[in-house]
Amino acid sequence: MVAAMVIVMVVGDGRAVIAALADAETLYVFGVIAARTSKLGLQESDRVRSTPYVTPFGLMRETSLSRDVVEESAGRLKRAGLLEVLVDDGRGYESWRIDEAALAAAATRTAAARSA
């Protein structure tokens, strides 16, 4: 039996999001995770299925970045509250996907702040 735990962090500060995405490698990793886990372009029936998580190995293959760089970038994104994390204790690594609700909330707060 595989033990897994999902961790969801909340975006608390838009500056943290900007700081995380200001790093070129982190922005690249974010873009690849977003592209691999997005439901955009899927038919309505396919959107019902759960969104997949991306492993560090998939990101390494897709980006040609080292595991250390991938995990450091994911750490920045986690601290900024942009990722949902699936922890696989049995295998000893995390998998990630974009926390779309947190991203939407951050965008809404930013838009509201601009209009105020």
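Source: prediction; values computed, not measured.

Quick notes on the packing of helix H2 (residues 24-37) against helix H5 (residues 67-79)
Interhelical geometry of H2 versus H5 gives an angle of 85° and a closest axis separation of 9 Å. Taken together, the axes of H2 and H5 lie roughly perpendicular to each other. Contacts between H2 and H5 involve Glu25, Thr26, Val29 and Phe30 from the first element and Val69, Ser73, Arg76 and Leu77 from the second. For the contact of H2 with H5, the class distribution of residues is 4 nonpolar, 2 polar and 2 charged.

Notes on the confidence of the model for the protein chain
Mean pLDDT over the protein chain stands at 79; residues scoring 70 or higher make up 70%. Contacts from residues 1-11, a stretch scored under 50 in pLDDT, to residues over four places away or in other chains number 33 contacts.

Observations concerning helix H4 (residues 56-63)
Turning to H4, its buried residues number three or more, namely Pro56, Gly58, Leu59 and Thr63. Buried residues in H4, looked at end-on, bunch into an arc of 160°, giving them a common side. Packed against the buried residues of H4 are H2, H5 and strand E3 (93-98). Just downstream of H4, Ser64 is the residue with a positive phi angle, here 65°.

A look at the pattern of salt bridges
Taken as a whole and judged by the stated rule, the model has 5 salt bridges. Here Glu62 ties to Arg36 by a salt bridge, and the two come within 3.6 Å at their closest N and O atoms. Taken as a pair, Glu62 in helix H4 and Arg36 in helix H2 lie far apart in primary sequence, 26 residues in all. On the accessibility criterion, Glu62 (42% relative accessible area) is partly exposed. Its salt-bridge partner being Glu71, residue Arg67 comes within 2.9 Å of it at the nearest N-O pair. Here Arg67 pairs with Glu71, and both are found in helix H5, just 4 residues apart, close to one helical turn. For Arg67, a relative accessible area of 29% translates into the label partly exposed.

Let's talk about the nonpolar core
If you look at the biggest cluster of nonpolar residues, it comprises 20 residues, and the most contacted ones within it are Val29, Ile33, Leu59, Leu77, Leu82, Leu83 and Trp96. For this core, the secondary structure elements donating two or more residues are helix H1 (14-21), H2, H5, strand E2 (83-88) and E3. Apart from residues no more than four positions distant in its own chain, Val29 is found in contact with Leu59, Leu65, Ser73 and Leu77.

About the cut-offs
Residues numbered from 1 in each chain as written. Predicted model: local features only at pLDDT ≥ 70, side-chain atom pairs only at ≥ 80, totals over all residues. Heavy atoms only, no water. Axes fitted to C-alpha atoms, helices over the stretch in contact; angles between N-to-C directions. Helix = DSSP H or I, 4+ residues; strand = E, 2+ residues; numbered from the N terminus. Parallel < 35°, antiparallel > 145°, perpendicular 65-115°, else oblique. Contact = heavy atoms within 4.5 Å. Nonpolar A, V, L, I, M, F, W, Y, C, P; charged D, E, K, R; others polar. pLDDT = per-residue confidence, 0-100. Buried < 20%, exposed > 50% of the residue type's maximum accessible area, 1.4 Å probe, protein only. Arc of directions from axis to C-beta. Salt bridge = Lys/Arg side-chain N within 4 Å of Asp/Glu carboxyl O. Core = buried A, V, L, I, M, F, W, Y, C linked by side-chain atoms within 4.5 Å.

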